[in-house]
Amino acid sequence: MTRTSTYTWSCASRSISIGTRTLIMGVLNVTPDSFSDGGAYANIDRAVQHALDMHARGADMIDIGGESSRPGAEPVSEAEELNRTIPVIRALRVKLDCPISIDTTKSAVAKAAIQSGADIINDISACRLDPDMIPLTAETGAGVVLMHMQGDPRSMQKNPQYTDVVHDIIALLQKHIDDLLALHIKPDQLIVDPGIGFGKSVADNYELLRRLHEFKTLDRPILVGPSRKSFIGKLLDLPPQERLEGTLAAAVAAIMNGADILRVHDVQAVQRAVRVTDAITGKLLVDKL
């Protein structure tokens, strides 16, 4: 078991305390083709209501994505991604005062999202695909999730290879951190995500969860997104909508090994598992309950 360090995550105009308890990032896909819930929240009113429901059930922040990053997914245009995400962010910000994250690799989308009320940029490319993402981050002071991905969504699951999956990913994330710090990004803007399911074999994903504590050498908060992913489905031979128990097991293991934030679809169930796990790890004090 690894006790979590405490951090302050600087996210534009707000600061998020990390480490006193495990935080939950609720997933809101406003896409027609996401692997788990594609098309379910393409309507603005349904999307906003789902975000409100997730927050009421325990989500500390909402992550909004307008482009599927499932294996084999094709990219969408900047205009389409803006059209999908920005109206939802604007409508949600009026109703909800919690951190909002934009899941994008495009700086124009990230900029519009921040102008509309988002606080965090969740970039699966670790700010590598769009050269304007780094100066935007420096200018806005937004929080950034640096995720590891081998290849891109179209190719990432075509025989991914590592010498040592944990050591290799730590080294790459450390390089990304160093590159951003050299370009005047503040260290407290950054958190890391090992990228469960993004260019990893089934065995790689389980090893990442087992050895997650090793990512503490990066001295940044750790976000993990195991929710409903194929490493669970392939082990249990289940479709995405039937992977809750596997997601809960992965979430508990992630917390026990040092995760600070969990990115999930099934917020209420995960929140209940998180509270019990936090009590076991000592994050949640139970002596007065």
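Keep in mind that this is a model prediction, so the values were computed, not measured.

### Things to note about the sheet that holds strand β4 (residues 61-65)
Thinking step 1. Overall, parallel pairing links the 8 strands, which are arranged β8-β7-β6-β5-β4-β3-β10-β9 in an open sheet. For this open sheet the edge positions go to β8 (190-193) and β9 (223-224), each flanked by a neighbour on one side alone.
Thinking step 2. When strand β7 (residues 143-147) meets β8, the two strands line up parallel, connected through 4 bridges. Considered in β8, the bridge of V145 is made with I191.
Thinking step 3. In the packing of helix α1 (residues 44-56) onto the sheet, contacts are made with β3 (23-29) and β4, and the angle to β3 comes to roughly 165°.

### Quick look at the nonpolar core
Thinking step 1. Of all hydrophobic cores here, the largest spans 64 residues; its most connected members are L28, I62, I64, F215, V224 and L262.
Thinking step 2. A total of 7 residues in this core trace back to one element, the largest contributor, which is helix α5 (residues 165-182).
Thinking step 3. Formed by 13 residues, the second largest nonpolar core is a distinct cluster that contains Y7, I16, L23 and V145.

### Describing the packing of helix α8 (residues 244-256) against helix α9 (residues 267-281)
Thinking step 1. Packing of α8 against α9 brings their axes to within 10 Å, and their N-to-C directions diverge by 30°. The orientation of α8 relative to α9 falls into the category roughly parallel. Here α8 runs over α9; the crossing is right-handed. Contacts between α8 and α9 involve L244, T247, L248, V252, I255 and M256 from the first element and A269, V270, A273, V274, T277, D278, I280 and T281 from the second.

### So, helix α2 (residues 78-95)
Thinking step 1. The end-to-end C-alpha distance of α2, which contains 18 residues, comes to 26 Å, matching closely the 26 Å that a straight helix rising 1.5 Å per residue would cover.
Thinking step 2. Within α2, the full set of buried residues consists of E81, R84, T85, I86, V88, I89, L92 and R93.
Thinking step 3. Looking at the buried residues of α2, the elements they touch are β2 (14-18), β3, α1, β4, β5 (100-103) and α3 (107-115).

### A look at the packing of α3 against helix α4 (residues 133-140)
Thinking step 1. α4 packs onto α3 with a crossing angle of 20° between their chain directions and a minimal axis gap of 9 Å. When the axes of α3 and α4 are compared, the pair comes out roughly parallel. Viewed along their axes, α3 and α4 form a crossing whose handedness is right-handed. Residues S107, A110, K111 and I114 of α3 pack against M133, L136 and T140 of α4.

### Focus on the packing of aromatic side chains
Thinking step 1. Summed over all chains, the structure comprises 1 aromatic pair.
Thinking step 2. Taken together, a centroid distance of 5.0 Å and an interplanar angle of 70° make the contact between Y206 and F231 edge-to-face. Taken together, the residues span a long stretch of sequence, with Y206 in helix α6 (residues 202-210) and F231 in helix α7 (residues 230-236) at a distance of 25 residues.

### Thoughts on the pattern of salt bridges
Thinking step 1. Evaluation of the coordinates by the stated rule reveals 16 salt bridges.
Thinking step 2. A salt bridge links D97 to R14; the nearest nitrogen and oxygen atoms lie 3.1 Å apart. With D97 in the loop between α2 and β5 and R14 in strand β2, this residue pair connects regions lying 83 residues apart in the sequence.
Thinking step 3. When its relative accessible area of 66% is taken as the criterion, D97 is described as exposed.
Thinking step 4. For the salt bridge of D119 with R14, the shortest nitrogen-to-oxygen distance reads 3.2 Å. In this pair, D119 sits in the loop between α3 and β6 (120-123) while R14 sits in strand β2, placing the two residues 105 residues apart along the sequence.

What counts and how
- Residues numbered from 1 in each chain as written.
- Predicted model: local features only at pLDDT ≥ 70, side-chain atom pairs only at ≥ 80, totals over all residues.
- Heavy atoms only, no water.
- Pairing = 2+ DSSP bridges.
- Helix = DSSP H or I, 4+ residues; strand = E, 2+ residues; numbered from the N terminus.
- Contact = heavy atoms within 4.5 Å.
- Axes fitted to C-alpha atoms, helices over the stretch in contact; angles between N-to-C directions.
- Core = buried A, V, L, I, M, F, W, Y, C linked by side-chain atoms within 4.5 Å.
- Buried < 20%, exposed > 50% of the residue type's maximum accessible area, 1.4 Å probe, protein only.
- Parallel < 35°, antiparallel > 145°, perpendicular 65-115°, else oblique.
- Left-handed = near helix turned anticlockwise from the far one by under 90°.
- Expected span 1.5 Å × (residues − 1).
- Phe/Tyr/Trp six-rings, centres within 6.5 Å; stacked < 30°, edge-to-face > 60°.
- Salt bridge = Lys/Arg side-chain N within 4 Å of Asp/Glu carboxyl O.

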